[in-house]
Every structure is written in structure tokens, then in C-alpha cells.
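# Understanding the architecture of this molecule
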Amino acid sequence: MIVTMRSYVTDYEIELLQRDLRAHGYDSYRCRFGDQVTVVAPGVDPDLLSDILALYAVERTASPGTVPPLVSMDAVGRGSVVRLGSGVEFGTGDFVVVAGPCAVEGPEQLDTIADLVAAQGAAALRGGAFKPRTSPYAFQGLGRAGLELLAETSRRTGLPVVTEVLDPSDVDLVAEHAHMLQIGARNAQNFPLLREVARTGLPVLLKRGFSSTVDEWLNAAEYILCANNANVVLCERGIRTFEGRTRFTLDLSAVALVKQLCHLPVIVDPSHATGNPDLVGPLTLAALAAGADGVLLDVHHNAAAALCDGAQALHPAEFGVLMGRLQLLLPALDRQLAPRPEATAAKLAALL
Ligand code: PEP
Ligand code: MN
């Protein structure tokens, strides 16, 4: 049973309803969407519990459909907006460009790239401090030191920071330094990790596993929402197919489909999908045309020396060209670039 509560219901009233359901032997999960709350009570027949439901501010009840209930478009009836830091919003219709290095390598590297992407219109900064590497001998990220650099660069530029967390025991540490927690493709079905990131209440960037179906991806998001954190942005980053000439196969049909099935914003990572900077521009434009709410882009000023994924990074000059192309295409689709956070705009203006 899916119960939509009347607007402005209090958390206390929801707790009473959940206590009543528990007394009748049923687990339940709730998720707050602004002034609206939805309660999911698996296995409950609303007709059998109608006396109880009549005691609470129930707007309506429904049976589950084929899409997990809390991420389903039916849960809110329109696309939801997820806020990142102060001033960046996914899901408003504006196209959000998140850019930065694959991995944080050191202060000069991060500052150089952050300044260049901020100056060219990025709304947020990406950069991994904990890196999920295929080889145990590859650079694993700077860990805590990398998080501190991200936080410092964020303070300096005003850009909010998106960074990956790999281990449930690092979630609090990462949450202290970042504005958005990234769940990488390799952890897309790490359910204890999904529950831990949900608990922080911070926005979560949930990548699609490279062998996850759309339903598995949506269920992974449902884990976060049913822990009462509705601040999830989905990220399509390519799936594994028989094709060997690109790193993965970017599944833009899933983007258009998920935008219909689900109310959460969806962005695209063409850098990890293709592994090829020459394909990142075209696929960014295609992602916009397919209805994506933004992109996550690897940018590096010295790709040859990068410690992680240099081969797929855009040079800052190429990033600038792509931003120019986006600005040409956006008006044709009645959309615009998500503005830089005010703090970034003010800091850039002070530099000029
Ligand atoms: C990343 O964005 O740094 C990353 C590791 O991506 P993915 O999890 O999609 O491979
Ligand atoms: Mn990478």
C-alpha cells in the first residue's frame, strides 16, 4: 500500500501512523517531499486497515505499480528539484554542468581546474578523493587530504563539491567536506552504503551500475528514498555491451525513459561512458536533447600527467568550446544553463 498524506502533515503524526501499522504487524517506510509525505507499507491491504487509516491525515491510498513507489512519477506527480549547496538546483529545467578532475591530485591541480571550469560556467565541481580503481596498484585517491582540498577549493571558488564515497565507514567524513555524495557505478547496488548516505540527508548522485537494468537502478534509488532522503540525482554513465571501441555504451534511451517513469532529476556522464574526449562534446549535446538535467564532465589541464582517467578528460579549452555549443543549443530547446552559484559569480567578478 502506498499512502499519500495530506500536505503539511507533521512528522509526529506520521510516526503515530507507523506505530499503528507496526502494532498490526506491518513495516512501513516514509519519505518527505517538501510539504508532502508518502508512506509505503508493503503487503498492507488498505480496505482491511480502513478504520486505522481514517484516524490520520490520509489524502489517498494506492497499490504499487511496476516502478518502485517512492521514485515513481506517481509519488509526486511532477519532476522533483534537488538542491546542491546554496544556489544550484537539478530538475528545474536548467542544465547543470558539473565539471572537474576525475581525481583530486593536489592543490595546484585542483585549483587550476576549478578556476578554469568556474570561469567557463560550471555550476559545481567534481573530484574524487576515494577512487574505485580496477587495479589495486593504481592511484587510489588522496583520501582525507583530498577531501580537505575539495572543501578549501569550494570555499575559495564558491562552487559546491560532488565527491564519491566508497565505504560506509567514510560516509560521515565525506559528508563533512562535500555538498553531494556520489555513489559510483561499482557501488550502485551496495545496499548498506546506500542506506548510510541516505542517513546524512545530503543530496546523493547515484550512478547507474554498468550492468544494472533500469529497474535495478531505480530500486537502488528507492533504497535512499525509503530511508527518508528524497535528494537523489540519477546519473547514466554507460553500460557494458559487446562494443569495444568505446569504454562503455551510453544508454540515452534510459535517460528519456527514466525521465518519464521517475520524478528524480537525471544527469549524464559522457566522460566515463565513452572514455574518449572527442566523443564527450557530441554526447553532452545528445544528453541535453534527450532531456537530461545536466552532465558530469572530467576536465584536466594536463591529461598526459593525470593520475586517473586522463585519457578521457576534456582540456579546459575544449570544455570552453563545449560550453559555447551548449549555449547555442539550449535556447532551441527552451532551456538555459543553470547559473553559477552567486558566491562563485561574486568571486569571479572580484578577480576581473
Ligand atoms: C567517477 O565519476 O569518478 C567514477 C569512478 O565513475 P563511475 O563510477 O561511473 O565509473
Ligand atoms: Mn574516473
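Further up the page is the structure itself.
Report on the accompanying structure. Position labels on residues start from 1 in each chain and follow its written sequence. By the order in which they are written, chains take letters starting at A while ligands take numbers starting at 1. In view of the model being predicted, local features appear only for residues whose pLDDT reaches at least 70, and side-chain atom pairs are presented and counted only at 80 or more, with totals across whole chains, interfaces and linings using the full set of residues. Here the side-chain values reflect all heavy atoms present in the structure, with hydrogen atoms and water set aside.

## Focus on the sheet that holds strand β4 (residues 58–62)
Rule in force here: Two strands form a pair only when DSSP identifies at least two bridges running between them. A run of DSSP states H or I qualifies as a helix once it reaches four residues; a run of E qualifies as a strand once it reaches two. Both are numbered from the N-terminal end. Throughout, an axis means a line fitted to C-alpha atoms (over the contacting stretch in the case of helices), and angles, computed between N-to-C directions, take values from 0 to 180 degrees. When checking whether two residues touch, look at their non-hydrogen atoms; a contact exists if any pair is within 4.5 Å.
One open sheet holds the 4 strands; their spatial order is β2-β3-β1-β4, and the pairing between them is antiparallel. Only two strands of the sheet have a single partner each, and these edge strands are β2 (29–33) and β4. In this sheet, neighbouring strand axes are inclined to one another by 20° on average, regardless of whether the strands run parallel or antiparallel. In the sheet, strand β1 (residues 2–5) pairs with β4 via 4 bridges, with the strands oriented antiparallel. Its bridge partner being in β4, Ile2 is matched across the sheet by Ala62. Across the face of the sheet, helix α1 (residues 11–23) comes into contact with β1, β2 and β3 (36–40) while running at roughly 160° to β2.

## Some thoughts on the pattern of salt bridges
Rule in force here: When a carboxyl oxygen of Asp or Glu lies within 4 Å of a side-chain nitrogen of Lys or Arg, that pair is called a salt bridge.
For the structure on display, the rule yields 15 salt bridges. Measuring nitrogen to oxygen at the nearest pair gives 2.6 Å for the salt bridge that ties Glu89 to Arg83. The residue Arg156 makes a salt bridge to Asp115 at a minimum N-O spacing of 2.9 Å. Linking Arg156 in helix α5 (residues 144–157) with Asp115 in helix α4 (residues 107–119), this pair joins segments that are 41 residues apart in sequence. Via salt bridges that share partners, Asp11, Glu15, Arg30 and Arg32 belong to a single interconnected network.

## A closer look at the packing of aromatic side chains
Formally: Note on ring pairs: Phe, Tyr and Trp rings are taken, using the six-membered ring of Trp, and paired if centres are within 6.5 Å. Classes follow the plane angle, with under 30 degrees stacked, over 60 edge-to-face and the rest tilted. In this scheme, the term charge over a ring applies when either NZ of a lysine or CZ of an arginine sits within 6 Å of the ring centre and within 35 degrees of the ring normal.
Tallied over the full model, the rule gives 2 aromatic pairs. With centroids separated by 4.3 Å and ring planes inclined at 20°, the aromatic side chains of Phe191 and Tyr223 adopt a geometry described as stacked. A residue pair is termed long-range when its members are at least 10 positions apart, and Phe191 in helix α7 (residues 191–200) and Tyr223 in helix α8 (residues 214–225) qualify at 32 residues. The ring of Phe248 carries the charged tip of Arg237 above its face, separated from the ring centre by 4.1 Å. Stacked on the ring of Phe210, the Lys or Arg Arg240 has its end atom at 4.8 Å from the ring centre.

## Here we look at the coordination of the manganese ion (ligand 2)
A four-donor tetrahedral metal ideally has 109.5 degree angles, and a six-donor octahedral metal ideally has angles of 90 or 180 degrees. Selection rule: Atoms of type N, O and S within 2.8 Å of a metal are treated as its donors, and for Na, K and Ca the window is 3.2 Å; water is not considered, so some sites may appear to be missing partners. Burial classification: accessible surface area is computed with a 1.4 Å probe over protein chains only, and a residue below 20% of its type maximum counts as buried, one above 50% as exposed, and the rest as partly exposed.
At 1.9 to 2.2 Å from the manganese ion (ligand 2) lie its protein donor atoms, namely Cys102 (SG), His272 (NE2) and Asp309 (OD). All donor residues of the manganese ion (ligand 2) come from one chain, and their arrangement in sequence is C-x169-H-x36-D. On the criterion of sequence distance, the pair formed by Cys102 in the loop between β7 (96–100) and α4 and His272 in helix α10 (residues 270–274) is long-range, its members being 170 residues apart. As far as burial versus exposure is concerned, Cys102 and His272 are alike and both buried.

## A few points about the site of ligand 1
To keep it simple, the criterion reads: Proximity criterion: a residue is near a molecule or strand once any of its heavy atoms comes within 4 Å of it. Pairing of N or O atoms within 3.5 Å defines a polar contact, subject to two protein rules: one partner must be a possible hydrogen donor and the other a possible acceptor, and residues neighboring in sequence count only if both atoms are side-chain atoms. Note on areas: these come from Shrake-Rupley sampling with a 1.4 Å probe, and a residue is covered only by the protein chains present in the view. Each residue receives one of three labels: charged for Asp, Glu, Lys and Arg, nonpolar for Ala, Val, Leu, Ile, Met, Phe, Trp, Tyr, Cys and Pro, and polar for the others, Gly being one of them.
Around ligand 1 sit 13 residues, and of these Arg126, Lys131, Ala185, Arg186 and Arg237 come closest. Contacts to ligand 1 include Lys131, whose side-chain N or O atom sits 2.8 Å from an oxygen atom. A distance of 2.7 Å separates an oxygen atom of ligand 1 from a polar atom in the backbone of Ala185. Burial of ligand 1 by the protein chains amounts to 97% of its free accessible area of 290 Å². Class assignment for the residues of the shell around ligand 1 results in 3 nonpolar, 3 polar and 7 charged.

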